[in-house]
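Structural overview
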Amino acid sequence: DTAVSQTPKYLVTQMGNDKSIKCEQNLGHDTMYWYKQDSKKFLKIMFSYNNKELIINETVPNRFSPKSPDKAHLNLHINSLELGDSAVYFCASSQVHRGPSPLHFGNGTRLTVT
Amino acid sequence: TQLLEQSPQFLSIQEGENLTVYCNSSSVFSSLQWYRQEPGEGPVLLVTVVTGGEVKKLKRLTFQFGDARKDSSLHITAAQPGDTGLYLCAPRGGNKLVFGAGTILRVKS
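Our subject in this report is the structure included herewith. (Residues numbered from 1 in each chain as written. Chains lettered and ligands numbered in written order. Predicted model: local features only at pLDDT ≥ 70, side-chain atom pairs only at ≥ 80, totals over all residues. Heavy atoms only, no water.)

Focus on the sheet that holds strand 8 (residues 71–76) of chain B
Residues and elements named next belong to chain B. Read across the open sheet, the five strands follow the order 1-3-8-7-6; overall the sheet is antiparallel. Strand pairing shows two members of the sheet lacking a second neighbour, strand 1 (4–7) and strand 6 (55–58), which therefore form its edges. Adjacent strand axes in the sheet meet at a mean angle of 10° when their direction is disregarded. As paired strands, strand 1 and strand 3 (residues 19–25) are joined by four bridges and run antiparallel to one another. Bridge assignment links leucine 4 to a residue of strand 3, and that residue is serine 25. (Pairing = 2+ DSSP bridges. Helix = DSSP H or I, 4+ residues; strand = E, 2+ residues; numbered from the N terminus. Axes fitted to C-alpha atoms, helices over the stretch in contact; angles between N-to-C directions.)

Dropping the structure here:
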């Protein structure tokens with residue numbers, strides 16, 4: 001019973017293409033996130049949604065567009081992929097978006113742009 | 001932008017040794033979490049500390065939150081190869097959880 005699942009696990013694509021990563025959580029959590037982990041393992045928040053509403057939008061190129069059709073799903077669409085987009089993208093969820101509510105992470109999507 | 005420093009960046013030790021990882025900031029946080037990440041997986045929560053000076057133990061791992069809630073440490077006693085992984089501190093400021101750069105720990109048998 002996977003709590004936070006994201007697909008695909010690996011994504012290899014060429015520059016200029018458009019791709020999507022999907023995320024689903026079955027924990028009943030209100031808040032979902034997208035994080036980007038670079039080659040140096042630095043984990044940086046990109047977006048956060050609470051009950052389908054965008055609450056965190058960090059300095060991310062507008063080629064990245066999150067979409068939350070319902071509070072159990074948060075997808076990430078990336079247009080015009082660039083070499084620098086290569087990284088591991090993690091989806092996460094938490095019960096609420098404040099306080100010491102822990103994050104539950106998916107196993108990541110390794111995106112390689114060639 | 002809060003400055004968060006985690007040290008050391010990399011640690012390679014022999015099984016049975018003790019080690020401490022530090023997480024320091026100039027900001028005050030309402031709470032702080034420690035996560036461990038293994039290759040090919042997402043980070044997994046180890047502990048949450050909330051009160052200044054709080055100490056929590058998880059088997060051989062001891063976590064401490066600084067009195068001023070600006071820093072934290074993770075001490076591992078008698079490290080095992082299974083402790084190998086990336087350790088991340090994550091203080092919470094407002095509705096954001098900010099991750100440190102991480103400490104890669106390798107425990108050799």
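Topic: the interface of chain A and chain B
At the junction of the two partners, chain A supplies 23 residues and chain B supplies 22 residues. Summed over both partners, the interface of chain A with chain B buries about 1,700 Å², with 55% contributed by carbon and sulfur atoms. Of all residues in chain A, the largest losses of buried area upon contact with chain B belong to A:Leu43, A:Pro100 and A:Phe105, amounting jointly to 24% of the total for that side. Counting across the chain A and chain B interface gives zero salt bridges. At the surface where chain A touches chain B, the tally comes to seven residue pairs in polar contact (both at pLDDT 80 or more). Of all the secondary structure elements, the ones that give two or more residues to the side of chain A that touches chain B are strand 4 (31–37), strand 5 (43–50) and strand 6 (53–57) of chain A. (Contact = heavy atoms within 4.5 Å. Buried area = accessible area lost by both parts, 1.4 Å probe. Salt bridge = Lys/Arg side-chain N within 4 Å of Asp/Glu carboxyl O. Polar contact = N/O pair within 3.5 Å; in protein donor to acceptor, adjacent residues only side chain to side chain.)

Structural notes on unusual backbone geometry
In this structure, the amide linkage connecting A:Thr7 to the following residue, A:Pro8, adopts the cis form with an omega of 0°. Cis geometry marks the peptide bond from B:Ser7 to B:Pro8, where omega comes out at -10°. Positive phi, close to 50°, is recorded for A:Asn51, a residue that is not glycine. Notably, B:Lys59 is not glycine yet its phi reads approximately 55°, a positive angle. Along the chain, B:Lys59 falls in the loop between strand 6 and strand 7 (61–65).

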